[in-house]
Amino acid sequence: MTRTGGAGGVALATAKAAVLPLALAQFVASYAASNMNVAITSIADDLGTSVTGIQTTITLFTLTMAALMIPGSKLTDIWGRKFCFLLGLLVYGAGALLAAFAQGLPLLMIGYSLLEGVGSALLIPPIYILITVLFDDTTTRARYFGVVSGAAGIGAAAGPLIGGLITSYISWRASFLLQVVIVAAIAWLGRGIADPPLPARRPAFDWVGAVLSALGLFLVVFGVLQSGAYGWGRATKDYAIGGTVVVQQGGVSPVWIYVGLGVVVLALFAVVAWTREKNGRTPLVSVRLFANLTSNLGLLTQNLQWLVLQGAFFVISVFLQQVRGFSAIQTGLLLMPATIGLLLSSAAAPRMARRHSQRRLIRFGFFVTTLGLVLLLALGGTRPSVWSFVPGLFLMGLGVGIMLTASVNLVQSAWPEEVQGDISGVSRSVSNLGSSLGVAIAGSLVAGAIPGGGQYFSALVIVGAFAVLGWIAALLIPRKPARRSVSAG
């Protein structure tokens, strides 16, 4: 489909025209995950809730995406890529509209966390699958994977600045209304997307697998969220369900009860998927997709990239607003060096990919990101100057931009054409799980933090430790990964 001249040229032009709405859709979904950070105080005050309540709302948004991304990817094989994309935009837009007029935390959660999360899970998998099917040349495909991956990073990095401007000069509600307008524009631009026909025989949907995978991921992240109130080791107070004390103060924190249950459910999901595949039935996702070392390490680096980015943004945003008393626009402007760094490295991604291996780019990206976090810690203090944030934030954004596209390409290129849809869903799920865990872990560390205390410093240290873990994972990526063949149903 990437031939030039004649019908091939028309097909190429049509395919290229589809990239803009696809990239914009990825941008707005990533923007939604980060712009809330600068409006935490404004939203909490307006709705009469706490910073922890808004943290939970942000975490549940990315968790909903992570939990439903694989089912959403599978639905594209049943309903069609373009149909799922447009349906996702409709659900997302309805959620943004509801959130804009929410008068309390429950409605904000329904609109933002649930509906926008479900909409994103429906519209994001088709983005990567359509890029795969519209461009059959691997070089061209990698270039446009870079475009949409870059749009994801830019959306996450620019979210605080754009959200800060809108919140300060209009209202946090206007930020949701802007999303409604953008989604409507994307739907209009995307009406001409050429979706290649699906096979006549479409796979059955694995409802049991969908429920188990979503429930398992929910329990893990929900467990992490409990750490802010009950601690990580011993429960700091009684934990009760429906008035019945389940864990007494001093007992094992409920964090590990929920995380343990989540791991058990995810293990059960793997058993169900393996059994269905063994019996010739289509699983939600083939367990064989996790038998490739290169792909697994690439997925781990994706998860840690988003965990570090969203976790650091959350900690810094809360610190600036709760401790320094910064407004939304001041917070957004202060985070702008990260946006600039990410824009520069994303723009250079295609050129870097031609000169360096994906493995090397991921390693270097984590190194630069870690260096940025070290500078944030070294130059900071209880009342650091505004300028002390600039070098660290710039390097952090630069590092994330260097490795975002490389990680996506590494995972996608490890698998043959027939399973690109499945691995795309897994890839997006893992990335959004990283965002969810980043906010949950960082938020739990600063929950109830004493102004001027060391919790914010400790939270950045933990985020930096995850960046080092990502660098170690990148070191383990094989030099010459072999492409695996798999039958995913």
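Quantities reported herein were computed from a predicted structural model and do not represent experimental measurements.

Enquirer: Please explain the overall build of the protein as it appears in this structure.
Expert: Helix and strand content of the protein: 18 helices and two strands. Expected size for 489 residues packed as a compact globule is a radius of gyration near 23 Å; at 22 Å, the protein falls within 12% of this value. For the protein, buried positions account for 59% of its 489 residues. Long-range contacts, defined as pairs at least 24 residues apart, comprise 81% of the intrachain contacts of the protein with a sequence gap of at least 6. Positive and negative charge centroids in the protein, built from 30 and 13 side chains respectively, lie 9 Å apart.

Enquirer: Which parts of the structure should I look at to understand a nonpolar patch on the surface?
Expert: On the surface, a nonpolar cluster with roughly 780 Å² of combined accessible area is contributed by Phe364, Phe367, Leu371, Val374, Val468, Trp471, Ile472, Leu475 and Leu476. Within the secondary structure, Leu371 sits in helix α15 (residues 358-379).

Enquirer: Hey, could you run me through empty space enclosed by the protein in this one?
Expert: Any empty space left between atoms is shown by rolling a water-sized probe over those atoms. According to the stated counting rule, one finds three cavities of 30 Å³ or more in the structure shown. Size it by volume and the largest cavity reaches roughly 130 Å³. Lining the largest cavity are 13 residues, and of these Gln26, Ser30, Trp306, Asn432 and Ser435 sit closest to its centre. Those elements that place two or more of their residues in the lining of the largest cavity are α1 (6-34), α11 (293-323) and α17 (420-446). The residue makeup of the lining of the largest cavity, split by class, is six nonpolar, six polar and one charged.

Enquirer: So what exactly am I meant to see when it comes to the packing of aromatic side chains here?
Expert: Where two aromatic rings form a pair, the distance of their centres and the angle of their planes describe that pair. Following the criterion strictly, the structure yields 12 aromatic pairs and no others. Centre to centre, the rings of Phe218 and Phe222 are 5.4 Å apart; their planes meet at 15°, and the pair counts as stacked. One end of the pair, Phe218, and the other, Phe222, are both in helix α8 (residues 207-225), four residues apart, so they sit about a helical turn from each other. For Phe218, a relative accessible area of 33% translates into the label partly exposed. Note on Phe222: relative accessible area 25%, which makes it partly exposed. Taking 5.0 Å as the distance between ring centres and 90° as the angle between the ring planes, the aromatic pair formed by Tyr230 and Tyr239 counts as edge-to-face. Site record: aromatic cluster; members linked through ring pairs are Phe218, Phe222, Tyr230, Tyr239 and Tyr258. In this structure, Arg191 packs its charged tip against the face of Trp188, placed 4.1 Å from the ring centre. Stacked on the ring of Tyr230, the Lys or Arg Lys237 has its end atom at 5.4 Å from the ring centre.

Enquirer: Sorry if this is basic, but what is going on with a positive patch on the surface here?
Expert: Together, Lys16, Arg143, Arg351, Arg354 and Arg355 make up a region of like positive charge exposed at the surface. The element best represented in the positive patch is helix α14 (residues 349-355), accounting for three residues. With respect to the helices and strands, Arg354 occurs in helix α14. The exposed category is assigned to Arg354, whose relative accessible area is 66%.

Enquirer: Can you walk me through the environment of Phe466 in this structure?
Expert: Within the secondary structure, Phe466 is located in helix α18 (residues 455-475). Between the alpha carbons of Phe466 and Met65 there is a distance of 22 Å; along the sequence they are 401 residues apart. If we skip the residues at most four places from it in the chain, Phe466 touches Leu304, Leu307, Val308 and Ile441.

Enquirer: Is there a simple way to think about the side chain of Ser113 in this case?
Expert: Note that Ser113 resides in helix α5 (residues 105-134). Residue classification places Ser113 among the buried positions, given a relative accessible area of 4%. Of note is the side chain of Ser113, whose polar atom sits 2.8 Å from the backbone oxygen of Thr57. Discounting chain neighbours no more than four positions away, the residues touching Ser113 are Thr57, Leu60, Phe61, Thr64 and Leu108.

Enquirer: Just to check I follow, could you spell out helix α3 (residues 51-79) for this structure?
Expert: The α-helix advances 3.6 residues per turn, and as a result positions three or four apart in sequence lie on the same side. Taking 1.5 Å per residue as the helical rise, α3 with its 29 residues ought to reach 42 Å, and the 39 Å between its terminal C-alpha atoms agrees with that figure. With 23 of 29 residues buried, α3 is to be regarded as a mostly interior element. Just downstream of α3 lies Gly80, where phi reads positive at about 105°.

Enquirer: Explanation requested: α5 in the structure shown.
Expert: The first and last C-alpha atoms of α5 sit 41 Å apart over 30 residues, in line with the 44 Å expected at 1.5 Å per residue. The sharpest bend along α5 measures roughly 25° and falls at Glu116. Counted residue by residue, α5 has 22 buried out of 30 residues, so it is predominantly covered.

Enquirer: I tried to follow the nonpolar core on my own but got confused; where do I start?
Expert: Soluble globular proteins tend to pack their nonpolar side chains together in the buried interior. Judged by nonpolar contacts, the single largest core of 102 residues is most densely connected at Ile54, Phe85, Leu108, Tyr112, Ile127, Phe176 and Leu373. In terms of residue count, the dominant contributor to this core is α11 (14 residues). Residues contacting Phe85, with those up to four places away along its chain left out, are Pro21, Leu22, Ala25, Leu122, Leu123, Pro126, Ile127, Ile186 and Ile193. Core analysis: the second largest hydrophobic core is formed by 28 residues, Leu75, Phe205, Ala210 and Leu289 among them.

Enquirer: For this particular structure, what's the right way to read the pattern of salt bridges?
Expert: Applying the stated criterion to the full structure yields three salt bridges. Note that Asp46 and Arg173 form a salt bridge whose closest N and O atoms lie 3.3 Å from each other. Residue Asp46 is located in helix α2 (residues 40-47), and its partner Arg173 is located in helix α7 (residues 172-189); the two are separated by 127 residues in the primary sequence. What makes Asp46 partly exposed here is its relative accessible area of 42%. Take Arg173: its relative accessible area is 16%, and that puts it in the buried class. Between Asp206 and Arg276 there is a salt bridge, with the nearest N and O atoms lying 3.7 Å from each other. Taken together, the residues span a long stretch of sequence, with Asp206 in the loop between α7 and α8 and Arg276 in helix α10 (residues 254-278) at a distance of 70 residues. A residue is classified by how much of its surface remains accessible, and Arg276, at 12% relative accessible area, is buried.

Definitions and limits used
Along each chain, residue indices are assigned from 1 in the same order as the chain's sequence is written. The predicted nature of this model means local features are confined to residues of pLDDT at least 70 and side-chain atom pairs, given and counted, to a pLDDT of 80 or more, with totals for whole chains, interfaces and linings taken over all residues. As a convention, hydrogens and water are excluded, and side-chain values are obtained from all of the structure's heavy atoms. Here a helix means four or more residues in a row that DSSP labels H or I, a strand means two or more in a row labelled E, and each is numbered from the N terminus. The quantity called the radius of gyration is restricted to C-alpha atoms. Its globule counterpart is 2.2 Å times the number of residues to the power 0.38. Only protein chains enter the accessibility calculation, which uses a 1.4 Å probe; a residue is then buried when its area is under 20% of its type maximum, exposed when over 50%, and partly exposed in between. A contact between two residues is defined here by any heavy atoms of the two lying within 4.5 Å. Only four residue types enter the charge count: Lys and Arg as positive, Asp and Glu as negative, with His and the chain ends excluded. Lysine's charge is taken at NZ, arginine's at CZ, aspartate's at CG and glutamate's at CD. Here the term patch refers to residues with relative accessible area over 30% and no salt bridge, with like charges joined within 9 Å and nonpolar side chains (Val, Leu, Ile, Met, Phe, Trp, Tyr) within 5 Å. Accessible surface is estimated by sampling points in the Shrake-Rupley manner with a 1.4 Å probe; for residues, cover comes only from the protein chains shown. Only one rule defines a salt bridge in this text: a Lys or Arg side-chain nitrogen within 4 Å of an Asp or Glu carboxyl oxygen. Both cavities and pockets are sets of points on a 1 Å grid over the protein atoms alone; in a cavity a 1.4 Å probe fits but cannot get out, in a pocket the set is open with protein on both sides within 12 Å along at least five of seven lines, and lining residues sit with an atom within 4 Å of a point. Grid points are joined across faces, edges and corners, and a volume is the space filled by probe spheres set on the points. We call Asp, Glu, Lys and Arg charged. Ala, Val, Leu, Ile, Met, Phe, Trp, Tyr, Cys and Pro are nonpolar, and the rest, Gly among them, are polar. Planes of paired rings set the category: under 30 degrees apart is stacked, over 60 is edge-to-face and the rest tilted, where pairs are Phe, Tyr or Trp rings (Trp by its six-membered ring) whose centres lie within 6.5 Å. Charge-over-ring placement is defined geometrically: NZ (Lys) or CZ (Arg) within 6 Å of the ring centre, and within 35 degrees of the ring normal. Here a polar contact is recorded for every N or O atom pair within 3.5 Å, except that within protein the pair must consist of a potential hydrogen donor and a potential acceptor, and residues adjacent in sequence are included only if both atoms are side-chain atoms. A helix is expected to reach a length of 1.5 Å times the quantity of its residues less one. Two axes are fitted around each residue, one to the seven residues ending there and one to the seven starting there, and the angle between them is reported as the bend at that residue. In plain words, nonpolar cores are sets of buried Ala, Val, Leu, Ile, Met, Phe, Trp, Tyr and Cys residues tied together by side-chain atoms within 4.5 Å.

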